[in-house]
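What follows is the residue order along each chain.
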Amino acid sequence: MKICTKCKMEKPVTEFYKHRGTCKECYRTQANINSKKNVERRRQYYLSNKEKILEKRKQYVMDSQELRKEWYKKYSLIHKDELIRKSREYYHNHKDKCRERARQYRIRNGDKINEISRLYRSNHKNEIKKKNSLYRLTHQEQLQLLQQKLHKKYIRELGDCYIKQILTQKSILSYADIPKELIELKRLQIKIKRLLNEKPDKNTC
Ligand SMILES: [Zn+2]
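Only a predicted model underlies this, so the values are computations on that prediction, with no experimental measurement involved.

Calculation notes
Residues numbered from 1 in each chain as written. Predicted model: local features only at pLDDT ≥ 70, side-chain atom pairs only at ≥ 80, totals over all residues. Helix = DSSP H or I, 4+ residues; strand = E, 2+ residues; numbered from the N terminus. Rg over C-alpha atoms; globule rule 2.2 N^0.38 Å. Contact = placed C-beta atoms within 7 Å. Domains from an automatic or database assignment. Buried ≥ 20, exposed ≤ 12 C-beta atoms within 10 Å, placed from the backbone.

Novice: I'm lost on the overall build of the protein in this one. Help?
Specialist: Of regular secondary structure, the protein possesses nine helices and two strands. Walking the protein from its N terminus toward its C terminus, one meets helices and strands in the order β-β-α-α-α-α-α-α-α-α-α. A globule of 205 residues ought to have a C-alpha radius of gyration of about 17 Å, yet the protein, at 38 Å, is considerably larger. Its C-alpha atoms give the protein principal-axis dimensions of about 115 × 55 × 40 Å. Taking the intrachain contacts of the protein between residues at least 6 apart in sequence as the baseline, contacts between residues at least 24 apart amount to 8%.

Listed below in structure tokens is the structure:
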């Protein structure tokens, strides 16, 4: 048995931590009070040094930016497949949000994007050429189909390109010579022609 220096009660030795004069219960109570005091002290310190602390934190974030970039580079190399899979999954589940975000990004950074892609194209001319011709070779059928589909769409919807094509046929005019108004007029003319040529509906006759 041992007497606690705090509550002065006689308790079995098992109720004491080693080399402590206070019993376990008193020890815990005191530790609890101390920790609460600590929290309060830290809170007070934070409140009276807020600006200094925030500035320090900001500095730390800036200083560690390079480090984090480096770390992320390594991480993304190791976990490449997983990251790609995850980002595809995310895109699939949040298509509208992702598209809108990309649109906003393009609006904000249009000049930057154009400049980067211009630089890339001029630095990788031969590579791009090779890639394109290889792609055309290995995707001949698909490309043909796509072209036909696009052409049909242009004809159906009377796209600017299609109208320009008609206007420049058998003429010395080039696409650039054709004003917007002329395109509109030609489109209207074709629409009227089409309406007149439409076969009457069997049911209404
Ligand atoms: Zn005690």
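Novice: Please clarify how the domain arrangement of the protein should be interpreted in this entry.
Specialist: Many structure descriptions define interface size as the accessible area lost when the parts assemble. Once the domains are mapped, the protein shows domain 1 (1–50) and domain 2 (158–197). One C-alpha centre belongs to domain 1, the other to domain 2, and the line joining them spans 91 Å.

Novice: Explain the environment of Lys-24 to me, please; I cannot follow it from the model alone.
Specialist: Mapped onto the fold, Lys-24 is located in helix H1 (residues 24–48). Classification of Lys-24 as partly exposed rests on a count of 14 C-beta atoms within 10 Å. Once the C-alpha coordinates of Lys-24 and Ile-190 are considered, the two residues, 166 residues apart in sequence, prove to be 97 Å apart. If we ignore the near neighbours within four places in the chain, the residues touching Lys-24 are Glu-15, Phe-16 and Tyr-17.

Novice: How should unusual backbone geometry be read in this particular structure?
Specialist: One non-glycine residue, Lys-8, lies in the positive phi region at around 60°. Along the chain, the position of Lys-8 falls in the loop between strand E1 (2–3) and strand E2 (10–11). The exposure class of Lys-8 is exposed, given the 9 C-beta atoms found within 10 Å. Even without being glycine, His-19 reaches a positive phi, approximately 60°. Relative to the helices and strands, His-19 is located in the loop between E2 and H1.

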